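In case you want the letters, here they are:
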Amino acid sequence: VYGPMSTQEEIYKDSVDPIVEQVCNGMSCCIFAYGQTGAGKTYTMRGNLGGAPEDEGIIQRSLKQLIQRLGEKDYTDITIKSTFLEIYNEELQDLLVDPPKEDKKKRPGPTRPTKKSNGLMLKDDEKRGCVVHGLTETPVTTAAEVMQLLQEADK
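Residues numbered from 1 in each chain as written. Predicted model: local features only at pLDDT ≥ 70, side-chain atom pairs only at ≥ 80, totals over all residues. Heavy atoms only, no water.

Enquirer: I tried to follow the pairing of strand β3 (residues 91-94) on my own but got confused; where do I start?
Expert: Consecutive side chains along a regular strand alternate between the two faces of the sheet. As judged from the four bridges shared by strand β2 (residues 85-88) and β3, these two strands associate in the antiparallel manner. Within β3, the position partnered with I87 by the bridge is L92. Linking two consecutive strands that pair antiparallel, namely β2 and β3, is a turn of two residues; a positive phi of about 50° is found at N89 within it. (Pairing = 2+ DSSP bridges. Helix = DSSP H or I, 4+ residues; strand = E, 2+ residues; numbered from the N terminus.)

The following block contains the structure:
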């Protein structure tokens, strides 16, 4: 648990840097934030979009580290794909797919319109492990491309 004076860099170095190194060594990993509303999950993951480098979140920092590490070796069979998934009330929602017009009901509180799961399902894949079948996967080569997708997913 980190206190209110913790920096984005401190959290990243302690918690995420080792996980990205494991990914570079061939492990399949996932990083997610869980906690109460207002606890700082979004800021920890996204940071201040378009802000100073010290305000970058886990997404920007891990992407930069991953792309740098992949550039250090001749990986010819590696593709980085970006997805944006929200789990809300046990519903899987692809944030890169526009919701159908009839589903644009507001949730209670200050949140955006709901997006139906559009047939998304958790499945076990022999090669990839647990995956979300039907989730939009976009190939990317730079952190900037992922940040553009994040802005699209945030609409």
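Enquirer: What is the right way to look at the nonpolar core in this model?
Expert: Generally speaking, a soluble globular protein has its nonpolar side chains buried in company with each other. V20, I59, L66, F84 and V146 are the most contacted members of the largest nonpolar core, which totals 21 residues. Elements that contribute at least two residues to this core include exactly α1 (8-24), α3 (58-71) and α4 (143-153). By residue number, the principal contributor to this core is α4, which donates six residues. Setting aside residues up to four positions removed in sequence, I59 forms contacts with M45, R46, V146, M147 and L150. (Core = buried A, V, L, I, M, F, W, Y, C linked by side-chain atoms within 4.5 Å. Buried < 20%, exposed > 50% of the residue type's maximum accessible area, 1.4 Å probe, protein only. Contact = heavy atoms within 4.5 Å.)

Enquirer: Sorry if this is basic, but what is going on with α4 here?
Expert: Side chains three or four residues apart in an α-helix point the same way, a direct result of the helix having 3.6 residues per turn. Regarding α4, the residues found buried are A143, V146, M147, L149, L150 and A153. Here the buried residues of α4 occupy an arc of 160° about the axis, which is enough to place them on one side. Against α2 (41-46), α3, β1 (80-82) and β6 (138-140) lie the buried residues of α4. (Arc of directions from axis to C-beta.)

Enquirer: Is there a simple way to think about α1 in this case?
Expert: For α1, the principal kink sits at V16 and spans about 45°; a proline, P18, occurs within the next four residues. Q8, I11, Y12, V16, V20 and C24 are the residues of α1 that are buried. On the buried face of α1, the contacting elements are α2 and α3. Following α1 by one or two positions, G26 has its phi on the positive side, about 100°. (Bend = angle between axes of the 7 residues up to and from the residue.)

Enquirer: What is the right way to read the side chain of Q8 from this model?
Expert: Secondary-structure assignment places Q8 in helix α1. For Q8, a relative accessible area of 7% corresponds to the buried category. For Q8, the side chain forms a polar contact with the main-chain oxygen of Y43, separated by 2.9 Å. Excluding residues within four positions of it along the chain, Q8 makes contact with Y43, T44, G47, E54, D55, E56, G57 and R61. (Polar contact = N/O pair within 3.5 Å; in protein donor to acceptor, adjacent residues only side chain to side chain.)

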